[in-house]
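# Observations on chain architecture
Now for the letters of each chain:
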2 protein chains.
Amino acid sequence: MAKDGEVAKPGSGGPFEARTRPPSMADVAEMAGVSSQTVSRVANNRSNVDEATRERVLAAMQVLGYRPNTAARALATGKFRMLGVISFGLNAYGNARTLEAIVAAAQDADYSVNVVSVRAQTESAVRDAFDRLTMQAVDGIILIEAQILDTPALRLPSGLPVVVVDGEESRRHPGVDTNQAEGARLATAHLLDLGHRTVWHVCGPQDSYAARRRAESWHRTLKAAGAPVPPLLYGDWSAASGYAAGLELAANPEVSAIFAGNDQMALGVVRALHEAGRSIPDEVSVVGFDDLAESAWFLPSLTTIHQDFEEVGRQCVALLFDQFRSGHATVHGATPVAPTLIVRDSTSAPPTS
Amino acid sequence: MAKDGEVAKPGSGGPFEARTRPPSMADVAEMAGVSSQTVSRVANNRSNVDEATRERVLAAMQVLGYRPNTAARALATGKFRMLGVISFGLNAYGNARTLEAIVAAAQDADYSVNVVSVRAQTESAVRDAFDRLTMQAVDGIILIEAQILDTPALRLPSGLPVVVVDGEESRRHPGVDTNQAEGARLATAHLLDLGHRTVWHVCGPQDSYAARRRAESWHRTLKAAGAPVPPLLYGDWSAASGYAAGLELAANPEVSAIFAGNDQMALGVVRALHEAGRSIPDEVSVVGFDDLAESAWFLPSLTTIHQDFEEVGRQCVALLFDQFRSGHATVHGATPVAPTLIVRDSTSAPPTS
DNA sequence: GCAACGAATGTTTGCGCCAACATCGCGGCG
DNA sequence: CGCCGCGATGTTGGCGCAAACATTCGTTGC
């Protein structure tokens, strides 16, 4: 419209001059002298189009700057080529890394990612997030870091493929699990192997599945080794909470080995020990969990459990795609992703006193 | 296919049985005994609907579990209620924090967020990301952390509102700027005020606008104070690169104050100094930039420049919404967000030797 | 008492695309 | 030589929704 005579507001200042609607298939079709259906075929890379015609259509698309309208395509096909990700905060290191990997894997398959962040840890907040995504039209949903919710049985709205990362819901949906238990076993066994009589544990918050699993495995590993099981200390994943726990531990001369639930808490523990004048690793050994990019540079560099978040992201997307193809959940339960032990300078044999 | 004879796998085990299409307005309309247009009016909260009718429609929606189909709505209105975010990697602390804030602000306005991650730092990669988003049908785009690209003039596809965070592009588009210059000035002046003769700087990668701006401001601040300007050291934001720079600095007895381009590099610098036996802050003071959650717990806790990423995210969304309303870019140039200096234990007056 | 109005609701139309079917033309085969 | 089959293309219809316009009916003003 308004294209006759005057050009649509030439140089009217705003960067998006000419709010004329973008070219549609019909425009391309007209320019290329074919039907819009042929344009559709070219756009979708169908095989049954004559090479010469295809060239012509592609050229017209190029000239007009044609971009298919995803909304129209989605409406017509019922597919959106979009994944939804629900995460409890994006800042937590693992969540950010996992999200990045999911985005990368999705992009490789020409899917985009719609991110929703849940603030409150309630069932209704998660349900809202689901509603938001189902409205926003996604083909499947990845739920990251399902924390323990206020209802025993969160009923995720069904009818949509779902993949759960590290959550309880993997009982009902395919899931990816970072094998917390194995990581905690690795950490605990490493300290035991070094000769420590037992290992103290600073656990993550009680409403975290990951924290709970790590603690359980720590407990099992100690039992299996016949080591005494010291009382559990709780933190909230933050360095501050690790510091608080570290203060307690530093006051106890019996403590020679500590397994912190994540690297941040380990950092806090290290600081508390340092302030108490207990040297690491000579007097006390500390192991973390996650392997932050910074952990190798802490003082001392931190022995920790490395998590392969890239693999977690890839697996999530793969599991979702499996469901797209098969039309239902093929794998039940969680696909494990193995963590690895990274030994650095914060652990050593106990003092020989 | 294969749908004849056999009913489509009733209760075949998958969690999404009954792939029957979700209820549409027509279904709701029929149940409520009104026209679908009235349902539309209720769904969009229009005022001119009788209260009784509205109740009836809402009840029907409830019963049927009706969710508006966003694709159809978008097709009809041309609006998508979706923001696109382009980021160079999601792991970088600032990017993750900013993204989280953007998601939160968008959700508050009932918009969703489509995230695209750019891996290569080339113009074409960014252009691809734009293409991806414009195809995926977003109403506007936020470009985070525009690194210096391989072309002098990146021409962002126009016709769509854009907001740029910390990038060169804010010359052509509204932008949000974390006021790198002010942060670097605060850091440098803090060290100078403590009595240091001059301040050495470990700069971020050369292709980062943020790094360049911090370095420029550091330089200006030194000049303004009449302090000598030592040679610039380059890192790549990583702790490893900070460590490498720190090794060099530790070998130079003249160095008493270091301003690192971010907290990770500061961590590396601290480690190198520590290994060289130079005590912090007694012999050398170190200031970082960003204020990671962990920085307060480093040994020693790190003096740094705090960035308000929440505010950045909010501003981005606000600027985009402004453009939606006005139909064009109202604000040109960057909206500054002020950083603040956080003094901790890694800085002090220089040795009195 | 009647025209004019406006609120509540219905009808029509088309957004851009794709699935399904229709058509056309050409070469092969009995 | 005529029919079949297949590859290339065109035509029709409808996905679910909302804008624009049409209709109904109860009010108000003079």
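Below or above, wherever it landed, is the structure these notes cover. Keep in mind it's a predicted model, so treat the numbers as computed, not measured.

Turning our attention to the packing of aromatic side chains. For the structure on display, the rule yields 13 aromatic pairs over all chains. Between Y93 of chain A and F309 of chain A, the aromatic rings sit 5.9 Å apart at their centres with planes inclined by 85°, giving edge-to-face as the arrangement. Here F309 of chain A lies in helix α11 (residues 309–326) and Y93 of chain A lies in helix α5 (residues 93–108), a separation of 216 residues in the sequence. For the ring pair Y243 of chain A and W297 of chain B, a centre distance of 5.1 Å and an interplane angle of 45° mean the geometry is tilted. A residue pair is termed interchain when its members come from two chains, as with Y243 of chain A in helix α9 (residues 239–250) and W297 of chain B in the loop between β9 (285–287) and β10 (304–306). On the basis of relative accessibility, which here comes to 18%, the residue W297 of chain B falls in the buried class. Here the basic side chain of R214 of chain A rests over the ring of F289 of chain A, its NZ or CZ set 3.8 Å away from the ring centre.

Time to look at the protein's contact with DNA strand D. Taken together, 25 residues lie around DNA strand D, and S35 and T53 of chain A together with M25, Q37 and Y66 of chain B are the ones closest in. What you see for DNA strand D is that sugar and phosphate hold 63% of its atoms within 4 Å of the protein. In this structure, a phosphate oxygen belonging to DNA strand D sits 2.8 Å away from a side-chain N or O atom of T38 of chain A. Between DNA strand D and Q37 of chain B there is a distance of 2.5 Å, counted from a base nitrogen to a side-chain nitrogen or oxygen. The set of elements that each furnish at least two residues to the surface near DNA strand D consists of α2 (36–43) and α4 (70–77) of chain A together with α2 (36–43) and α4 (70–77) of chain B. Top element by residues in the surface near DNA strand D is α4 of chain B. It accounts for four residues.

Looking now at the protein's contact with DNA strand C. Around DNA strand C, 25 residues are found, and the nearest of them are M25, Q37, R46 and Y66 of chain A together with T53 of chain B. The sugar-phosphate backbone supplies 62% of the atoms of DNA strand C found within 4 Å of the protein. The separation between a base nitrogen of DNA strand C and a polar side-chain atom of Q37 of chain A is 2.7 Å. Take S35 of chain B: an N or O atom from its main chain is 2.7 Å from a phosphate oxygen of DNA strand C. Those elements giving two or more residues to the surface near DNA strand C turn out to be α2 and α4 of chain A together with α2 and α4 of chain B. Examining the composition of the surface near DNA strand C, we find that four residues originate from one element, α4 of chain A, more than from any other.

Attention shifts here to the relation of the copies chain B and chain A. Here chain B sits on chain A after a turn of 180° about the axis and a move of 0.1 Å along it, with an RMSD of 0.2 Å. The superposition of one copy onto the other is thereby described by a two-fold rotation axis. Most of the interface of chain B is mirrored in chain A: 98% of its interface residues are interface residues there too.

Spatially, the 12 strands line up as an open sheet ordered β11(A)-β5(A)-β4(A)-β3(A)-β1(A)-β2(A)-β2(B)-β1(B)-β3(B)-β4(B)-β5(B)-β11(B), and their pairing is mixed. Every interior strand has two partners, whereas the edge strands, β11 (334–336) of chain A together with β11 (334–336) of chain B, have only one. Each neighbouring strand pair of the sheet contributes to a mean axis angle of 25°, computed without reference to strand direction. Strand direction decides the pairing type here: strand β2 (residues 112–117) of chain A and strand β2 (residues 112–117) of chain B, joined by three bridges, are antiparallel. Counterpart to N114 of chain A in the pairing with β2 of chain B is N114 of chain B.

Let us now look at the nonpolar core. Counting residues in hydrophobic clusters, the biggest one holds 56 residues, and the most contacted among them are I258 and V286 of chain A together with I258 and V286 of chain B. Among the secondary structure elements, those contributing two or more residues to this core are β6 (200–203), α9, β8 (257–260) and α10 (263–275) of chain A together with β6 (200–203), α9 (239–250), β8 (257–260) and α10 (263–275) of chain B. Apart from residues lying up to four places away in sequence, I258 of chain A is in contact with L191, V199, W200, V202, L249, V269, L273, V284, S285, V286 and V287 of chain A. Counting residues in hydrophobic clusters, the runner-up holds 46 residues, among them L83, Y111 and V176 of chain A together with L83 of chain B.

A few words now on the packing of helix α1 (residues 25–32) of chain B against α2 of chain B. Packed helix pairs are characterised by how far apart their axes lie and by the angle those axes make with each other. All names here are of chain B. For the pair α1 and α2, interaxial distance at closest approach is 8 Å and the crossing angle is 105°. The angle between the axes of α1 and α2 places the two elements in the roughly perpendicular class. Between α1 and α2, the contacting residues are M25, V28 and A29 on the first element and S36, V39, S40 and A43 on the second. When its residues are assigned to classes, the contact of α1 with α2 shows five nonpolar, two polar and no charged.

Our focus in this paragraph is a nonpolar patch on the surface. Judged by side-chain polarity, M31, V63 and L64 of chain A come together as a nonpolar surface patch covering roughly 270 Å² of accessible area. Within the fold, M31 of chain A resides in helix α1 (residues 25–32).

So, about the environment of R278 of chain A. Residues and elements named next belong to chain A. Looking at the element boundaries, R278 is found in the loop between α10 and β9 (285–287). Judged by its relative accessible area of 11%, R278 is buried. Considered as a pair, R278 and P253 are 25 residues apart in the sequence and their alpha carbons are 9.4 Å apart. Separated by 3.5 Å, the side chain of R278 and the backbone oxygen of A250 make a polar contact.

About the cut-offs
- Residues numbered from 1 in each chain as written.
- Chains lettered and ligands numbered in written order.
- Predicted model: local features only at pLDDT ≥ 70, side-chain atom pairs only at ≥ 80, totals over all residues.
- Heavy atoms only, no water.
- Phe/Tyr/Trp six-rings, centres within 6.5 Å; stacked < 30°, edge-to-face > 60°.
- Helix = DSSP H or I, 4+ residues; strand = E, 2+ residues; numbered from the N terminus.
- Buried < 20%, exposed > 50% of the residue type's maximum accessible area, 1.4 Å probe, protein only.
- Lys NZ or Arg CZ within 6 Å of the ring centre and 35° of its normal.
- Near = heavy atom within 4 Å.
- Polar contact = N/O pair within 3.5 Å; in protein donor to acceptor, adjacent residues only side chain to side chain.
- Least-squares fit on C-alpha atoms with pLDDT ≥ 70 in both.
- Contact = heavy atoms within 4.5 Å.
- Pairing = 2+ DSSP bridges.
- Axes fitted to C-alpha atoms, helices over the stretch in contact; angles between N-to-C directions.
- Core = buried A, V, L, I, M, F, W, Y, C linked by side-chain atoms within 4.5 Å.
- Parallel < 35°, antiparallel > 145°, perpendicular 65-115°, else oblique.
- Nonpolar A, V, L, I, M, F, W, Y, C, P; charged D, E, K, R; others polar.
- Patch = residues over 30% accessible without salt bridge, like charges linked within 9 Å, V, L, I, M, F, W, Y side chains within 5 Å.
- Areas by Shrake-Rupley, 256 points an atom, 1.4 Å probe, with all protein chains shown as cover.
- Salt bridge = Lys/Arg side-chain N within 4 Å of Asp/Glu carboxyl O.

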